[in-house]
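Chain by chain, the residues:
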Amino acid sequence: MAPTREEAWTLVEEWVQSESLRKHLLGVEAAMVAYARKWGEDEEMYAVTGLLHDLDYERYPDLDTGHPRKGLELFAQRGYPQELIDAVAGHASFLGVPRESQMAKTLFAVDELSGFIAACALVRPTGIDGLTPKSVKKKLKQPSFAAGVNRDEVRQGAEELGVDFDEHVAFVIGAMEERADELGLAVAA
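Since the structure is predicted, the reported quantities are computational estimates derived from the model, not experimental observations.

## Considerations on the overall build of the chain
- When helices and strands are counted, the chain shows 10 helices and zero strands.
- The helix and strand sequence of the chain, counted from the amino end, reads α-α-α-α-α-α-α-α-α-α.
- Relative to a compact globule of 189 residues, whose C-alpha radius of gyration would be 16 Å, the chain shows 15 Å and is just as compact.
- With respect to the principal axes defined by its C-alpha atoms, the chain has extents near 45 × 35 × 35 Å.
- Within the span of the chain, comprising 189 residues, buried residues form 48% of the whole.

Put into structure tokens, the structure is as follows:
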């Protein structure tokens, strides 16, 4: 059975100490929930998947032996739904797990992008307020900016989801903007 949003957040608090990683998880959750709402999917399942997708990253950062394998083991032990497990496995392209469900495609599409949008917002005097797809795309062309973000996966995610890239970027910005205070992306008053 899937954990509730509250149970998932308790796990995040137990496993993740980094404030920036917690904010990333919340940003991915925001985008996941917005897409679930748009498509009439299970919002709590999407929220939980977004919150838990990088649960083990801080404890087991080695991509060859750790993340996301340790999280996947935990989810299987707890009897979490296969759809959640497959989505988390699918977000890590290097595992070679196909993204077959709408939820798996959504997680892949919003993961890198939400992190990149947060990076863009953090260097703007107005935060996420007024951030446009045009300015995000301009930053994507600068390899030195948020260099850890895989630009190919950002584009591939929108393609797999079957959405226009600019609309996808605008949609994720909007989802994150609704929670700007919680994500640390609002302008300081």
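## Let's talk about the packing of helix 2 (residues 19–39) against helix 9 (residues 165–177)
- With their axes 8 Å apart at the nearest point, helix 2 and helix 9 run at an angle of 115° to one another. It follows from the interaxial angle that helix 2 and helix 9 lie roughly perpendicular. The two elements helix 2 and helix 9 meet at a crossing, and its hand is right-handed. Where helix 2 approaches helix 9, its residues Gly-27, Ala-30, Ala-31, Ala-34, Tyr-35 and Lys-38 are matched on the opposing element by His-168, Phe-171, Val-172, Ala-175 and Met-176.
- Residues that form the contact of helix 2 with helix 9 fall into these classes: eight nonpolar, two polar and one charged.

## Structural notes on helix 6 (residues 102–122)
- Helix length check: helix 6 (21 residues) gives 30 Å between terminal C-alpha atoms against 30 Å at 1.5 Å per residue, within 8%.
- Roughly 25° is the biggest bend found in helix 6, and it falls at Val-110.
- Most of helix 6 is tucked away, with 16 of its 21 residues classed as buried.

## Overview of the pattern of salt bridges
- Counting across every chain of the model gives six salt bridges.
- Several salt bridges converge on common partners, so that one network encompasses Arg-5, Glu-29, Arg-179 and Glu-182.

## Structural notes on the packing of helix 7 (residues 133–140) against helix 9
- Look at helix 7 against helix 9: their axes get within 9 Å of each other, and the N-to-C directions meet at 105°. Relative to helix 9, the element helix 7 is oriented roughly perpendicular. Contacts from Pro-133, Val-136, Lys-137 and Leu-140 of helix 7 reach helix 9 at Phe-165, Asp-166, Val-169, Ala-170 and Ile-173.

The rules behind these values
Residues numbered from 1 in each chain as written. Predicted model: local features only at pLDDT ≥ 70, side-chain atom pairs only at ≥ 80, totals over all residues. Heavy atoms only, no water. Helix = DSSP H or I, 4+ residues; strand = E, 2+ residues; numbered from the N terminus. Rg over C-alpha atoms; globule rule 2.2 N^0.38 Å. Buried < 20%, exposed > 50% of the residue type's maximum accessible area, 1.4 Å probe, protein only. Axes fitted to C-alpha atoms, helices over the stretch in contact; angles between N-to-C directions. Parallel < 35°, antiparallel > 145°, perpendicular 65-115°, else oblique. Left-handed = near helix turned anticlockwise from the far one by under 90°. Contact = heavy atoms within 4.5 Å. Nonpolar A, V, L, I, M, F, W, Y, C, P; charged D, E, K, R; others polar. Expected span 1.5 Å × (residues − 1). Bend = angle between axes of the 7 residues up to and from the residue. Salt bridge = Lys/Arg side-chain N within 4 Å of Asp/Glu carboxyl O.

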